[in-house]
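Structural description and commentary
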Amino acid sequence: MRVIICGAGQVGYGIAERLAAERNDVSVIDTSPELVRTIRDQLDVRGFVGHGAHPDVLEMAGAQQADMFIAVTLYDEVNMTACQVAHSIFNIPTKIARIRAQSYLLPHYQNLFSREHLPIDVIISPEIEVGEMVLRRIALPGATDVVRFADDKVAMVAIECQEECPVINTPLSQLSELFPDLPSTVVGVSRNGRLFIPHSADQLVAGDLAYVVTTKDQVRRTLGLFGHEEVEAMRIVVAGGGNIGLYVAKALEARQSRAKVKIIEDTRERAVAIADKLRRTVVLNGSALDQKVLLEADIQDADLMVALTNNDQVNILSSVMAKRLGCKSNLALINNPTYQDFTRTLGIDAHVNPRTVTISRVLQHVRRGRIRAVHSVQRGAAEIIEAEALETSPLVGSPLRDLDLPDGMRLGIVYRDGAAIKPDGAFVIRPGDRIVIFALANAVRQVEQMFRVSLEYF
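Residues numbered from 1 in each chain as written. Predicted model: local features only at pLDDT ≥ 70, side-chain atom pairs only at ≥ 80, totals over all residues. Heavy atoms only, no water.

All right, on to the overall build of the chain then. Helix and strand counts for the chain come out as 15 helices and 22 strands. Taken over the C-alpha atoms alone, the chain extends approximately 65 × 60 × 45 Å along its principal axes. Scored against the burial criterion, the 458 residues of the chain give a buried share of 54%. Put simply, 64% of the contacts in the chain that link residues at least 6 apart link residues at least 24 apart. With an accessible surface of roughly 20700 Å², the chain has 48% of that area assigned to carbon and sulfur atoms. Averaging the coordinates of the 50 positive side-chain charges in the chain and doing the same for the 56 negative ones gives two points 2 Å apart. (Helix = DSSP H or I, 4+ residues; strand = E, 2+ residues; numbered from the N terminus. Buried < 20%, exposed > 50% of the residue type's maximum accessible area, 1.4 Å probe, protein only. Contact = heavy atoms within 4.5 Å. Areas by Shrake-Rupley, 256 points an atom, 1.4 Å probe, with all protein chains shown as cover. Lys, Arg positive; Asp, Glu negative; His and termini not counted. Charge placed at Lys NZ, Arg CZ, Asp CG, Glu CD.)

So, in structure tokens, the structure goes:
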């Protein structure tokens, strides 16, 4: 696939890195010679210095042959204009734009992005995507990652197996026998830096990170069986009153009436502005690295510190300080993947990576076949994919035990007629079924092929 990416910042770099690793033909445009030089030197991509909305720059980057255009600069208006040029002059089939300003995304303005006006096929709002992920993590404190599939009826949760975990050192097949009514499947395990697909005879051990697919209404029970019965946080301190912090606070006000939320915002003007938009949230003006400000926010009595500033170092240090001052747990927004490797040793309980969220949304449209959703884990080492089975799919019509499935994939749940079903060896997939699959990176292409329309179909 030929892809042009407009914007070589953190988001653009992350997307280019992933697409180039999968041997797509990638071109990156940015006005910064330094960013373009860096991306050329470090990745197998072509880099062009220029404005992504200028036709001559797009032509130089190969827009005539491009299959997809992704505009992820820091400026919404540049992204929108670039997509318009990509459509009107070069007729690029798929156009994806990053839109940050919430006013563009209000429901009664959605017609703005139709083909007759501003032709954008997919809109990505990292602030909303990250905000929703933070909210899911707040709602399920025992999970280190939570993603929803199949009209919100299915969930994938990543669960850390601690020493007191009741299900460790037990064959997975035995767990299925002990809890026959539990529609949960361990589809992947990360152990000592290695990610693999477990077999029925395998056992979980302390220190494992288990990826479990289950139904939405059985998530809490599943977490409980893994020894995670943490109570949802009611007293929450948010560091950072930017777009994400404001989104999280407003959502907590709307969805969790009992939650007591306080926001610490460094800039006075911004603190005043968000205070006007919130009803029950207390807004404090000051630095999240100032111990006096943290104590003023009653951090010593808080259940959770959520650090959502634009600075990784501030997020990490304020989270550590909060724990030292008595806060029960913390959750930090961390962009730099280097920092993510030692969060645990610093005392960070959980972190969210905005790049992973954005890349997952893009991959959903890069993947071929009837792919409905994609979530990337472990920096691209695996993906959780929701795909729809077609009549021509090799998965359809035979019991699962008779299928020759790749070693690098595991079926989690089948969504059929509004019901989520845990498949066994005798289960037969029908056309129209939506299947949630865990696939290692080397098996993703095979999964795509399973859900593509074959030529024989025509």
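Here we come to the domain arrangement of the chain. Taken domain by domain, the chain comprises domain 1 (2-124), domain 2 (130-226), domain 3 (235-348) and domain 4 (358-457). For domain 1 versus domain 2, the distance between C-alpha centres works out to 36 Å. (Domains from an automatic or database assignment.)

This paragraph deals with the UniProt feature "domain: RCK C-terminal" (unreviewed entry) in the chain. Under the UniProt annotation, the feature "domain: RCK C-terminal" (unreviewed entry) is placed at residues 144-228 and 372-453. Split by type, residues 144-228 is 16% helix and 35% strand. Its first and last C-alpha atoms lie 11 Å apart. (UniProt positions renumbered as here; feature names shortened; annotations may be inferred.)

Turning our attention to the side chain of Ser 360. Examined against the element boundaries, Ser 360 turns out to sit in helix α14 (residues 354-366). The buried category is assigned to Ser 360, whose relative accessible area is 3%. Setting aside chain neighbours within four positions, we find Ser 360 in contact with Val 374, His 375 and Ser 376.

Between its terminal C-alpha atoms α14 stretches 19 Å, which fits the 18 Å expected from 13 residues at 1.5 Å a residue. Buried within α14 we find Pro 354, Arg 355, Val 357, Thr 358, Ile 359, Ser 360, Arg 361, Val 362, Leu 363, Gln 364 and Val 366. (Expected span 1.5 Å × (residues − 1).)

Under the definition given, this model contains 22 salt bridges. With a closest N to O distance of 3.0 Å, Arg 46 and Asp 25 form a salt bridge. Within this pair, whereas Arg 46 is found in strand β3 (residues 46-49), its partner Asp 25 is found in strand β2 (residues 25-30), the two being separated by 21 residues in sequence. Classification of Arg 46 as partly exposed rests on a relative accessible area of 40%. Taking the shortest distance from any N to any O, the salt bridge between Arg 372 and Glu 388 comes out at 3.3 Å. (Salt bridge = Lys/Arg side-chain N within 4 Å of Asp/Glu carboxyl O.)

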